[in-house]
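Residues per chain are reported as follows:
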Amino acid sequence: MGGFPSAARKSFPVAQILLLHSAFGLRPAVHAAADRLRAAGHTVHTPDLYEGRTFDDVEEGMAYKEEVGSEELLRRAVGAAAPLLTPGTALVYAGFSLGGSLAQNLALADENARGLLLLHGTSDIREDASTAVPVQLHVAEPDPFEPEDWLNAWYLNMRRIGADVEIHRYHGAGHLFTDPDLPDYDAEAAGRTWAVALDFLAELDG
């Protein structure tokens with residue numbers, strides 16, 4: 001995927017957040033998360049990559065993801081980000097599970113990305129990738145979609161390409177533990193996640 005237009009980081013004083021939904025679609029939990037971030041003073045965009053479809057069942061959501069296709073979802077995510085990449089603006093990319101995977105791809109293609117907040121999901125990393133973006137990952141422990149060996153390799157590869165990475169693990173939580181309407185929900189883990197994530201975003205704006 002081609003990179004976004006580049007310019008010096010110091011010329012981008014304003015940060016906005018692009019928040020991408022999971023394979024369940026643009027559910028109420030995504031809107032609630034966006035409202036939480038807006039209450040902290042951030043500008044948040046929540047594009048609908050599923051064009052109105054939402055799911056309560058992970059198998060149905062994953063089946064629809066496969067039907068749309070990874071390349072098309074990435075194309076839609078790029079299309080959502082493009083209008084936001086204006087002079088004076090640097091994006092923080094964020095996402096839930098599938099949305100985290102897409103957010104990672106966008107952030108690594110944007111030389112001016114201000115930050116990358118990953119909730120429940122990561123993606124593979126190109127060998128030629130390079131970035132200095134601050135990254136924070138929140139993930140269940142264990143997580144069937146983010147196994148230990150994968151996460152260890154992911155962390156080492158992110159550090160190899162220059163990212164400043166921190167990982168927060170939540171023992172016993174379900175995969176998508178921040179969504180209160182899903183069986184994975186863990187109130188304590190979700191509360192800790194948002195407290196840490198808000199501190200991370202505040203530091204980016206500092």
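Residues numbered from 1 in each chain as written. Predicted model: local features only at pLDDT ≥ 70, side-chain atom pairs only at ≥ 80, totals over all residues. Heavy atoms only, no water.

## Some thoughts on unusual backbone geometry
Short version of the rule: The helix count covers DSSP runs of H or I at least four residues long, the strand count covers runs of E at least two residues long, and both are numbered beginning at the N terminus. Only protein chains enter the calculation, and the probe is 1.4 Å; a residue is then buried if its accessible area is under 20% of its type maximum, exposed if over 50%, and partly exposed in between.
Put simply, Glu141 and Pro142 share a cis peptide bond, and its omega is 0 degrees. A positive phi angle, near 55 degrees, is found at Ser97, a position not held by glycine. Position of Ser97 relative to the elements: it lies in the loop between β3 (89-96) and α4 (98-109). Look at Ser97 and you get buried, because its relative accessible area is 18%. Phi is positive for His120, close to 75 degrees, though the residue is something other than glycine. Here His120 is to be found in the loop between β4 (115-119) and β5 (134-141).

## Topic: the pairing of β4
To keep things clear, this is the line we draw: Two strands make a pair as long as DSSP finds a minimum of two bridges between them. Orienting the strands away from the viewer, one traces the path from the first strand over the helix to the second; a clockwise path indicates a right-handed crossover.
For β4, the buried fraction is high: 5 of the 5 residues fall into the buried class. Here β3 pairs with β4 via 5 bridges, running parallel. Within the sheet, the bridge partner assigned to Phe96 lies in β4 and is Leu119. For the crossover from β3 across α4 to β4, the handedness is right-handed.

## Structural notes on the pattern of salt bridges
So the rule is basically this: Whenever Lys or Arg places a side-chain nitrogen within 4 Å of a carboxyl oxygen from Asp or Glu, that contact is recorded as a salt bridge.
For the structure on display, the rule yields 9 salt bridges. Close ionic contact of Glu51 with Arg76 constitutes a salt bridge, the shortest N to O distance being 3.8 Å. Of this pair, Glu51 sits in the loop between β2 (43-45) and α2 (58-68) while Arg76 is found in helix α3 (residues 70-81), placing the two residues 25 residues apart along the sequence. Judged by its relative accessible area of 58%, Glu51 falls in the exposed class.

## Looking at α3
Operational definition: Expected helix span is computed as 1.5 Å times (number of residues minus one). Think of it as the arc spanned by the lines of direction from the helix axis to the C-beta atoms.
A rise of 1.5 Å per residue sets the reference length of α3, with its 12 residues, at 16 Å; its end C-alpha atoms lie 17 Å apart and thus fit the reference within 8%. Looking at α3, one finds that the buried residues are Leu73, Leu74, Arg76, Ala77, Ala80 and Ala81. Each buried residue of α3 lies within a common arc of 160 degrees when the element is viewed along its axis, so the set occupies one face. In α3, the exposed residues that point more than 90 degrees away from the buried face are Glu71 and Arg75.

## Some remarks on the pairing of strand β6 (residues 164-171)
As a general feature of sheets, a regular strand has side chains that alternate between the two faces. Here 8 bridges tie β5 to β6, and the two strands are oriented parallel to one another. Following the sheet pairing, His138 is matched in β6 by His168. Assessed by its sense of winding, the connection that carries the chain from β5 through helix α5 (residues 148-160) to β6 is right-handed.

## With respect to the nonpolar core
In plain terms, the rule: What is meant by a nonpolar core is a set of buried Ala, Val, Leu, Ile, Met, Phe, Trp, Tyr and Cys residues, joined one to another through side-chain atoms within 4.5 Å. Contacts were defined at the residue level, with two residues in contact if any of their heavy atoms lie within 4.5 Å.
By size, the foremost hydrophobic cluster in this structure holds 36 residues, and its most contacted members are Tyr93, Leu116, Val135 and Met158. Contributions of two or more residues to this core are made by β1 (14-20), α2, α3, β3, α4, β4, β5 and α5. The element that contributes the greatest number of residues to this core is α4, accounting for 6 residues. Aside from chain neighbours lying at most four places away, what touches Met158 is Gln104, Leu108, Leu116, Ile125, Val135, Ala163 and Val165. Ranked by size, the runner-up nonpolar core spans 22 residues in total, among them Leu117, Leu176, Trp194 and Ala197.

## A look at the confidence of the model for the chain
For clarity, the threshold we go by: As a per-residue measure, pLDDT tells how confident the predictor is, with possible values from 0 to 100.
Taken residue by residue, the chain gives an average pLDDT of 92. The fraction at 70 or more is 93%. The low-confidence segment residues 1-13, where pLDDT is below 50, has 37 contacts with residues more than four positions distant or belonging to other chains.

## A look at α5
Here α5 is 13 residues long and its end C-alpha atoms lie 18 Å apart, about the 18 Å a rise of 1.5 Å per residue gives. Of all the positions in α5, only Leu151, Trp154 and Met158 are classed as buried. The buried side chains of α5 occupy one side of the element, clustering within an arc of 60 degrees when seen end-on. Exposed and oriented more than 90 degrees from the buried face of α5 are Asp149 and Leu156. Gly162 sits one or two residues past α5 and shows a positive phi near 110 degrees.

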